[in-house]
Amino acid sequence: MALISSDISQAASLLKTGALVAIPTETVYGLAGNALNGTTVAKIFEVKNRPSFDPLIVHVPDLHQCLRYVQEIPEVLKPLAQKFWPGPLTLLLPRKKIIPDLVTSGLDRVALRVPSHPLTLALLKELDFPLAAPSANPFGYISPTTAAHVEAQLGKKIPYILDGGACEVGLESTIVGLESGQVTVYRLGGLAVDELEELVGPVQVKDHSSSNPQAPGLLESHYAPRTPFRLGTLSELIEEALQQGIRFAVLSFSKTFDAVPTDRQVRLSPREALSEAAQNLFAAMRSWMMRMWS
Ligand code: TXA
Ligand code: MG
């Protein structure tokens, strides 16, 4: 079992020894370690059971610190960093050699972000190294949005979970970079494309090229609960499941369905707010699965 607490200095001491600590961010919890220490970075891959061709995001306390690890921030991306950091934006930027190869899986760009969570920002300010942190779930599973989620999946493998409460955004950061001069979104996430476009004009979205290790987080199987999971028009799926006698539960945006018992329904946002639905998504998948199948 990991120790779960909100003590920044304890988290900092462990990180300074090269240990891994789970940290809260506004998006999801991260499994953090010293990004400049190759042994620690290797441990992150091992604990997460993550293939080494899937690179890690590096977390820094502010834009200024980011410049220690990248050659430059292209002019067009600067307004994004200025406006959305701290926040759910990750930028792919040309790395300096100080970033170990393992962090970027040998790619020339490093993914950087300034997370918006008071505990983690305070922690980053106390350290003289940045934190590499993938989402704190075993590879292929749902990302954790509370300390308890992290404990359930990785508690036996790490000494400490910095408890910062439930994540406010609840979805991973939006990953953005420059490709042939065009602002490109590589992973859709907590920061909406509209918000990016307001600042930099039209962007291209390349979130669909699955199984391409050059593209982030887009393997064929990702965010995979172990329970069979169906996407579709809910009323049709419900009818089909009822007819076939399949045991099921419903995860809906806002609607309720009379044909389904209320304890088998989770509404992500009764008031139809996308941000609220996003915040509840991973937690809902968990609670719902646990009720049905544990
Ligand atoms: O919100 C988030 O981004 C969370 C919190 C903890 O910051 N982190 C997160 O990390 O979602 P992870 O490892 O679960 O997803 C990071 C994605 C991966 O799919 C990876 O392929 C991509 O970012 N990525 C990281 N570095 C990259 C690079 N140098 N080039 C291309 N893609 C990269
Ligand atoms: Mg992840």
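Residues numbered from 1 in each chain as written. Chains lettered and ligands numbered in written order. Predicted model: local features only at pLDDT ≥ 70, side-chain atom pairs only at ≥ 80, totals over all residues. Heavy atoms only, no water.

### A few points about the side chain of Arg187
With respect to the helices and strands, the residue Arg187 is situated in strand S10 (residues 182–187). Look at Arg187: it is buried, it has no salt bridge, and the nearest opposite charge is Glu172 at 4.9 Å. (Helix = DSSP H or I, 4+ residues; strand = E, 2+ residues; numbered from the N terminus. Buried < 20%, exposed > 50% of the residue type's maximum accessible area, 1.4 Å probe, protein only. Lys, Arg positive; Asp, Glu negative; His and termini not counted. Salt bridge = Lys/Arg side-chain N within 4 Å of Asp/Glu carboxyl O.)

### Examining the sheet that holds S10
Sheet strands pair by backbone hydrogen bonding; their relative direction is either parallel or antiparallel. Spatial ordering of the open sheet is given by S1-S8-S2-S3-S7-S4-S6-S5-S9-S10-S11, a layout of 11 strands whose pairing is mixed. Each end of this open sheet is capped by a strand with a single partner; those strands are strand S1 (3–5) and strand S11 (204–205). Two strands pair when backbone bridges link them, and strand S3 (residues 30–34) and strand S7 (residues 131–132) are joined in this way by two bridges, in the antiparallel orientation. What sits directly across from Asn34, in S7, is Leu131. Against the sheet, helix H7 (residues 147–154) contacts S1, strand S2 (21–23), S3 and strand S8 (160–162), and its axis sits at roughly 160° relative to S8. (Pairing = 2+ DSSP bridges. Contact = heavy atoms within 4.5 Å. Axes fitted to C-alpha atoms, helices over the stretch in contact; angles between N-to-C directions.)

### Observations regarding the nonpolar core
If you look at the biggest cluster of nonpolar residues, it comprises 45 residues, and the most contacted ones within it are Leu89, Leu112, Ile158 and Val176. Of all the elements in the fold, those that place two or more residues in this core are helix H2 (38–48), helix H4 (78–84), strand S5 (89–94), strand S6 (109–113), H7 and S10. Setting aside anything within four residues of it in sequence, one finds Leu89 in contact with Leu80, Ala81, Phe84, Leu112, Arg113, Ser173, Thr174, Val176, Leu191 and Leu196. Counting residues in hydrophobic clusters, the runner-up holds 16 residues, among them Ala12, Leu127, Ala133 and Leu162. (Core = buried A, V, L, I, M, F, W, Y, C linked by side-chain atoms within 4.5 Å.)

### Quick word on the pattern of salt bridges
A complete count under the given rule lists six salt bridges for this structure. Taking the shortest distance from any N to any O, the salt bridge between Asp54 and Arg50 comes out at 3.5 Å.

### Structural notes on the confidence of the model for the chain
Taken over all residues, the pLDDT of the chain has a mean of 90, while the share at 70 or more is 90%. Across residues 209–214 the pLDDT falls below 50, and counting only partners more than four positions away or on other chains, this stretch makes 10 contacts in the model. (pLDDT = per-residue confidence, 0-100.)

### Structural notes on the packing of helix H1 (residues 8–16) against helix H6 (residues 118–126)
Where H1 contacts H6, the axes come no closer than 10 Å and their chain directions differ by 45°. Classified by the angle between their axes, H1 and H6 sit oblique to one another. Classified by chirality, the crossing of H6 by H1 is right-handed. Between H1 and H6, the residues in contact are Ile8, Ser9, Ala11, Ala12, Leu15 and Lys16 and Leu119, Ala122, Leu123 and Glu126, respectively. Considering only residue class, the contact of H1 with H6 consists of seven nonpolar, one polar and two charged. (Parallel < 35°, antiparallel > 145°, perpendicular 65-115°, else oblique. Left-handed = near helix turned anticlockwise from the far one by under 90°. Nonpolar A, V, L, I, M, F, W, Y, C, P; charged D, E, K, R; others polar.)

### Considerations on the pairing of S10
Within S10, five of the six residues are buried, which leaves the element mostly enclosed by the surrounding structure. Pairing of strand S9 (residues 174–179) with S10 involves five bridges; the strand directions are antiparallel. Across the sheet, Leu178 pairs through a bridge with Val183, a residue of S10. In this antiparallel pair of consecutive strands, S9 and S10, the connection spans two residues, and Ser180 shows a positive phi of 45°. Taken together, the two bridges between S10 and S11 define a ladder with parallel strand orientation. Note on S11: the bridge partner recorded for Val185 is Val205.

### Quick word on the environment of Ile175
Here Ile175 lies in strand S9. Considering only alpha carbons, one finds Ile175 and Gly190, 15 residues apart in sequence, at a separation of 9.6 Å.

### A few points about the environment of Pro94
As for its placement among the helices and strands, Pro94 is situated in strand S5. Pro94 gets classed as partly exposed once you look at its relative accessible area, which sits at 21%. Beyond its immediate chain neighbours, meaning those up to four positions away, Pro94 contacts Tyr69, Val70, Gln71, Glu72, Asp108 and Arg109.

### A few points about H1
When H1 is considered as a whole, its buried residues turn out to be Ile8, Ala11, Ala12 and Leu15. The arc that holds the buried residues of H1, viewed along the axis, is 100°, so those residues lie on one side. At its buried positions, H1 is contacted by S2, S3, H6, S7 and S8. Measuring from the backbone nitrogen of Ser9 back to the side-chain oxygen at the start of H1 gives 3.1 Å, which picks out Asp7 as the cap. Just past H1, the residue Gly18 takes up positive phi, approximately 95°. (Arc of directions from axis to C-beta. Polar contact = N/O pair within 3.5 Å; in protein donor to acceptor, adjacent residues only side chain to side chain.)

### Brief notes about unusual backbone geometry
Here the bond from Trp85 into Pro86 is cis, since omega is -5°, no more than 30 degrees from zero. If you trace the backbone, Pro86 turns up in the loop between H4 and S5. In the Ramachandran plot, Ser105 falls in the positive-phi region, its phi being about 55° despite a non-glycine side chain. You can see Ser105 is positioned in the loop between helix H5 (101–104) and S6.

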